Amino acid sequence: MNRRVIHPVVVFALNNGCAPPTFALLETTGRRTGRQRVVPVANGLQGNTFWLFAGQGAAAAYVHNIRADPRVRVKVTPARLREGFGFRWRSGTAHLLPDDDARARHHALGKGRPGYRLDGLALRRLAAGAEMLTIRVDLD
């Protein structure tokens, strides 16, 4: 249900500038098709680094796509209003960090960002005991 119902609504809202800054879009290149794939994610922007947490760990489809081609784009707005507003696409290179403590990093990123922390509840539910995977995107 999440992928077929909620994702299209969030993608539409982000593409039309009417989504909260808690969300962002991640665009990867499909490992088999070569087509662009877009998935809504939590806004983990911190300076020129975008942090992403795969609740399904290495099994997530976008993780497979990143392994095949680490060049990605994120459509993001600064996480805090004082840093600006307006969604825009930014390119970067994704790095999978399997040895990182994803839960601790996610908690640290959520300080002062209640919407991000709320999204973390859904992320932990998605993980359901699985090992979350940290992904760092170094933005160009």
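Figured I'd write up the structure that's included with this text. (Residues numbered from 1 in each chain as written. Predicted model: local features only at pLDDT ≥ 70, side-chain atom pairs only at ≥ 80, totals over all residues. Heavy atoms only, no water.)

With respect to the sheet that holds strand β4 (residues 49–54)
Heads up, the condition is: By this definition, two strands are paired if DSSP reports at least two bridges between them. Secondary structure elements are defined from DSSP: runs of H or I of at least 4 residues count as helices, runs of E of at least 2 residues count as strands, and each element is numbered from the N terminus. A contact between two residues is defined here by any heavy atoms of the two lying within 4.5 Å. A fitted line through C-alpha atoms represents every axis, and for helices the fit uses only the stretch in contact; the resulting angles, taken between N-to-C directions, go from 0 to 180 degrees.
The sheet built from 7 strands is open, its strands ordered β2-β1-β5-β6-β7-β4-β3 with antiparallel pairing. Of all strands in the sheet, those bounded by a partner on one side alone are β2 (36–42) and β3 (45–46). When strand β5 (residues 71–76) meets strand β6 (residues 88–97), the two strands line up antiparallel, connected through 6 bridges. Residue pairing across strands places K75 opposite W89, the latter belonging to β6. Contacts between helix α2 (residues 61–68) and the sheet are confined to β1 (23–29), β2, β4, β5, β6 and β7 (133–139), with β1 contributing the most and set at about 50° to the helix. Taken strand by strand, helix α3 (residues 102–109) contacts β3, β4 and β7, and its axis lies near 130° from that of β4.

Remarks on α3
To keep it simple, the criterion reads: Partly exposed describes any residue whose relative accessible area lies between the buried limit of under 20% and the exposed limit of over 50%, with all areas from a 1.4 Å probe on protein chains only and scaled to the type maximum. Taken from the helix axis, the directions to the C-beta atoms give the arc we talk about.
When α3 is considered as a whole, its buried residues turn out to be A102, H106 and L109. Within α3, the buried residues cover an arc of 65° as seen down the axis, which keeps them to one side.

Digging into the pairing of β4
Counting buried positions over the 6 residues of β4 gives 6, a clear majority of the element. Side-chain alternation along β4 places T49, W51 and F53 on one buried face and F50, L52 and A54 on a second face that is also buried. Pairing between β3 and β4: 2 bridges, direction antiparallel. Residue pairing across strands places Q46 opposite T49, the latter belonging to β4. Turn length for the β3-β4 hairpin, with the two strands adjacent in sequence and antiparallel, is 2 residues, and the turn residue G47 shows positive phi of about 65°. Note: β4 against β7, 6 bridges, orientation antiparallel. Directly across from A54, in β7, lies its bridge partner L133.

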